[in-house]
Amino acid sequence: VQLQASGGGSVQAGGSLRLSCTASGSIFSISVMGWHRQGPGKQRRLVADITTDGSTNYAESVKGRFTISRDNAKNTVHLQMNSLNAEDTAVYYCHGGPKFRPNHYWGQGTQVTVSS
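Residues numbered from 1 in each chain as written. Predicted model: local features only at pLDDT ≥ 70, side-chain atom pairs only at ≥ 80, totals over all residues. Heavy atoms only, no water.

Asks: What should I look at first to understand the overall build of the protein in this one?
Replies: When helices and strands are tallied, the protein shows 0 helices and 10 strands. If you list the helices and strands of the protein from N to C, you get β-β-β-β-β-β-β-β-β-β. A compact globule built from 116 residues should have a C-alpha radius of gyration of about 13 Å, and the protein, at 13 Å, falls within 12% of that. On the principal axes, the C-alpha backbone points of the protein span a range of 40 × 25 × 20 Å. The burial tally for the protein puts 44% of its 116 residues in the buried class. (Helix = DSSP H or I, 4+ residues; strand = E, 2+ residues; numbered from the N terminus. Rg over C-alpha atoms; globule rule 2.2 N^0.38 Å. Buried < 20%, exposed > 50% of the residue type's maximum accessible area, 1.4 Å probe, protein only.)

Asks: Just to check I follow, could you spell out the sheet that holds strand β1 (residues 2-7) for this structure?
Replies: Here 4 strands make up an open sheet; going across it, the order is β1-β3-β8-β7 and the pairing antiparallel. In the strand order of this sheet, the two ends are held by β1 and β7 (66-71), each with one partner. Averaged over all pairs of adjacent strands, the angle between strand axes in this sheet comes to 15 degrees, irrespective of strand direction. Note: strand β3 (residues 17-24) against strand β8 (residues 76-81), 6 bridges, orientation antiparallel. Residue pairing in the sheet places T22 in a bridge with T76 of β8. (Pairing = 2+ DSSP bridges. Axes fitted to C-alpha atoms, helices over the stretch in contact; angles between N-to-C directions.)

Asks: Explain the nonpolar core here, please?
Replies: Across soluble globular proteins, nonpolar side chains have a tendency to be buried as a group. Ranked by internal contacts, the top residues of the largest apolar core, which has 27 residues, are W35, L79, M81 and Y92. In terms of residue count, the dominant contributor to this core is β3 (4 residues). When residues no more than four places from it in sequence are discounted, the contact partners of M81 are G15, S16, L17, L19, R65, F66, Y92 and V112. (Core = buried A, V, L, I, M, F, W, Y, C linked by side-chain atoms within 4.5 Å. Contact = heavy atoms within 4.5 Å.)

This is the structure we're talking about:
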């Protein structure tokens, strides 16, 4: 399985960005897809994930600002990030896997930088 992330970049505080991640290969094994992030000097932490049936899970810090969605036909997950602030600055990593191991596969990181 390969996870290809796209999106990211630099934005002013209060702005928006959209991340996308597309899975290829043995995708039958992927029921959960989502995003983690790792800020400077911080541990990698879950941002949001979504199952094939649309159940979502968000970190408290992004609830109400970020929306995760999934296009099962295209094996793609999107993360719409609104009202960004400096605390959202991080490298964002796409992940995917079965329900019992949702972080089994990782995509390359994509940098999100929010300037105040």
